[in-house]
Amino acid sequence: MTNSSSSYTGAPYFAAHAAAVFGADLSHIICEKNAATVIKSYTPDLMVHPYLYEKDNVPDYVKNIDELLDTKILTKVKALLARIHVAIVGPGLGRDELMLKTLEVVINYLREKKIPIIVDADGLFLVSQKPDVIKGYDLAILTPNVVEFQRLADAVGVDVNGDDQIEEAKQLSKKLGGVTILRKGSSDIIVKNDEALESTTKGSDRRAGGQGDSLIGTVATLLAWGHAYKSGIWEHPDEIQEDQLPLLACFGGSTVTRVAAREAFKAKGRAMQATDLHANVGKAYQIVFEDSNGEFEL
């Protein structure tokens, strides 16, 4: 599940579509009512739900915003959230007052239901303003770029000078109560408290807009599979600890996204776009998980 404002329709599409082409059974987008038709026009493969309102688009007959939030928006949103395994929050959200207020309530509900959350983009802006909204929730993954990382670090008092990016990410994870941090960059740094992984697989020679959204879609699918793993849906030796699943999902998602981007760049060169990356997600899965026996070109 991901969400969107009326102004930014590409980001939620890329996140949800990446999850779908990577292997998620169903991908839902909860969006602002004016964004729904646009997103639906991109593909019939995603389920789009126009449940959200920006403040300026609230119908004139509505006299009480809180009542609208409680009785109309959240009733529909919560009914859908009860059917999902992972939620992505933030891509395309915007910073409208009502949208951010809605997101805060939704995150609280997801925490109550113990549903894993991936927080990106404007969701990270909300966390930088109100760290307690996510603090201490060990099923949360935050995926900041360089600017977003600095903003989060400033919010909780972590000094960032670039000398030791892994240690800085560890400090941010601890300050936020043990959430997983996927610090995006030339290499992707993934930490949870004192545990750390670094994804250094070669990607493309350019970074297309939307690639970060594609990354979190693949991570979301791997998290959903992690839920199935720990639920014992199939037989397997009990080798992976539950608290390792977010780290492994981030590492796997980063690796596959980098390989997909590399394959897209081979085909399209500088003309590569995020849609080209998506066309190569299936091939990247095959390279990383099926053909290589754990070994592939870095």
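Summary of the structure given here.

Thresholds, definitions, all that
- Residue numbers restart at each chain and count upward from 1, following the sequence in its written direction.
- Only residues with pLDDT of at least 70 are given local features in this predicted model, and only at 80 or more are side-chain atom pairs given and counted; all residues enter the totals for whole chains, interfaces and linings.
- The side-chain values count all of the structure's non-hydrogen atoms but skip hydrogen atoms and water molecules.
- Between the N-to-C directions of two axes lies an angle of 0 to 180 degrees, each axis being a line fitted to C-alpha atoms and, for a helix, fitted only over the stretch in contact.
- Each helix corresponds to a stretch of at least 4 residues labelled H or I by DSSP, and each strand to a stretch of at least 2 residues labelled E; elements are numbered beginning at the N terminus.
- Here the word oblique covers every angle except those under 35 degrees (roughly parallel), over 145 (roughly antiparallel) and from 65 to 115 (roughly perpendicular).
- The crossing is said to be left-handed when, going from far helix to near helix, the turn is anticlockwise and less than a right angle, and right-handed when the turn is clockwise.
- In this analysis, two residues are considered to be in contact whenever any of their non-hydrogen atoms come within 4.5 Å of each other.
- Side-chain classes follow a simple rule in which Ala, Val, Leu, Ile, Met, Phe, Trp, Tyr, Cys and Pro form the nonpolar group, Asp, Glu, Lys and Arg form the charged group, and the remainder, Gly included, forms the polar group.
- Here, nonpolar core refers to any group of buried Ala, Val, Leu, Ile, Met, Phe, Trp, Tyr and Cys residues whose side-chain atoms link them within 4.5 Å.
- Here's how the labels work: a residue is buried when its accessible area is under 20% of the maximum for its type, exposed when over 50%, partly exposed in between, all with a 1.4 Å probe on protein chains only.
- Here the expected length of a helix is defined as 1.5 Å per residue gap, with one fewer gap than residues.
- Only Phe, Tyr and Trp rings are paired, with Trp represented by its six-membered ring, and only when their centres lie within 6.5 Å; those with planes under 30 degrees apart are stacked, over 60 edge-to-face, the remainder tilted.
- Two limits define a charge over a ring: the Lys NZ or Arg CZ must be within 6 Å of the ring centre, and within 35 degrees of the ring normal.
- In this description, strands pair whenever DSSP reports at least two bridges between them.

With that settled, consider the packing of helix α8 (residues 211-231) against helix α9 (residues 245-268). α9 packs onto α8 with a crossing angle of 140° between their chain directions and a minimal axis gap of 8 Å. Overall, the two elements α8 and α9 adopt an arrangement that is oblique. Classified by chirality, the crossing of α9 by α8 is right-handed. Only Leu245, Pro246, Ala249, Cys250, Gly252, Gly253, Ser254, Thr257 and Ala261 of α9 make contact with α8, whose side of the interface consists of Gln211, Ser214, Leu215, Thr218, Val219, Leu222, Leu223, Gly226, Tyr229 and Lys230. Classifying every residue of the contact of α8 with α9 by side-chain character gives ten nonpolar, eight polar and one charged.

This part takes up the nonpolar core. Counting 48 residues, the largest nonpolar core has Leu81, Ile107, Leu110, Ile117, Val119, Ile134 and Leu142 as the members making the most contacts within it. Looking at this core, the element that brings in the most residues is helix α4 (residues 97-112), giving eight residues. Contact partners of Leu142, with chain neighbours within four places excluded, come to Val119, Leu124, Val127, Ile134, Leu152, Leu176, Val179, Thr180, Ile181 and Leu182. With 30 residues, the next largest nonpolar core counts Ile118, Ala249, Cys250 and Ile287 among its residues.

As a further point, take helix α1 (residues 10-22). The end-to-end C-alpha distance of α1 is 18 Å, a good match for the 18 Å that 13 residues give at a rise of 1.5 Å each. Across the 13 residues that make up α1, a large majority, ten, are buried. When we look at burial in α1, the residues that qualify are Ala11, Pro12, Tyr13, Phe14, Ala15, Ala16, His17, Ala18, Ala19 and Phe22.

Summed over the entire model, instances satisfying the criterion amount to seven aromatic pairs. Three or more aromatic residues link up through ring pairs in this structure, and these residues are Phe22, Trp225, Tyr285 and Phe289. A cation over an aromatic ring shows up here: Arg95 above the ring of Phe125, its NZ or CZ 3.9 Å from the ring centre. Over the face of the ring belonging to Phe149 we find Arg183, whose NZ or CZ atom lies 3.7 Å from the ring centre.

Let us look at the pairing of strand β7 (residues 180-183). Taking every second residue as pointing to the same face, both faces of β7 are buried, with Thr180 and Leu182 on one and Ile181 and Arg183 on the other. One ladder, built from two bridges, connects strand β6 (residues 140-142) with β7; its direction is parallel. Within β7, the residue paired with Leu142 across the bridge is Ile181. As defined by bridge partners, β7 adjoins strand β8 (residues 188-192) across four bridges and the pair is classed as antiparallel. Bridge pairing in β8 places Arg183 opposite Ile189. What sits between the antiparallel neighbours β7 and β8 is a turn of four residues.

From the geometry alone we can't say anything about function, so treat these as descriptive.
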